[in-house]
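Residue-level structure breakdown
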Amino acid sequence: MKRFFTGQFIKAEMLVVMLEKHGINATYEFADPTAPDDGDLSREAHVNVPGQDFDRAWQIFYAEREDEL
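From a predicted model like this one, the values you see are computed outputs, not experimental measurements.

Examining the sheet that holds strand S1 (residues 2-8)
Taken in spatial order, the 3 strands line up as S1-S3-S2 in an open sheet, and their pairing is antiparallel. For this open sheet the edge positions go to S1 and strand S2 (27-30), each flanked by a neighbour on one side alone. Averaged over all pairs of adjacent strands, the angle between their axes in this sheet comes to 30°, without regard to strand direction. Sheet topology note: the S1/strand S3 (residues 44-49) ladder contains 6 bridges and is antiparallel. Residue pairing for S3: Phe-5 is matched across the bridge by Val-47. Together, S1, S2 and S3 form the strand contacts of helix H1 (residues 9-21), whose direction differs from that of S1 by roughly 135°.

Right, dumping it as structure tokens:
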């Protein structure tokens, strides 16, 4: 697994769902696993994707869209 994104938990959770819709089995984990889970949606989290899917995930979410030019 390779780290793909770090940010607020709410964004990480949404990104995992979106990646799964593209057939990429992503997971998230809290940046500080020792902190209590108090339901804070702004808590920092990491999204990880399988190494073989990293480039495809990057293309889907970060590559510049040619049709926007």
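With respect to the side chain of Arg-43
By the secondary structure assignment, Arg-43 is in the loop between S2 and S3. Taking the relative accessible area as the measure of exposure, Arg-43 reaches 11% and is therefore buried. At 3.0 Å, the side chain of Arg-43 forms a polar contact with the backbone oxygen of Ala-35. Those residues in contact with Arg-43 that sit more than four places away from it in its chain are Gly-7, Gln-8, Phe-9, Phe-30, Asp-32, Pro-33, Ala-35, Pro-36 and Asp-37.

Quick notes on the rules
- Residues numbered from 1 in each chain as written.
- Predicted model: local features only at pLDDT ≥ 70, side-chain atom pairs only at ≥ 80, totals over all residues.
- Heavy atoms only, no water.
- Pairing = 2+ DSSP bridges.
- Helix = DSSP H or I, 4+ residues; strand = E, 2+ residues; numbered from the N terminus.
- Axes fitted to C-alpha atoms, helices over the stretch in contact; angles between N-to-C directions.
- Contact = heavy atoms within 4.5 Å.
- Buried < 20%, exposed > 50% of the residue type's maximum accessible area, 1.4 Å probe, protein only.
- Polar contact = N/O pair within 3.5 Å; in protein donor to acceptor, adjacent residues only side chain to side chain.

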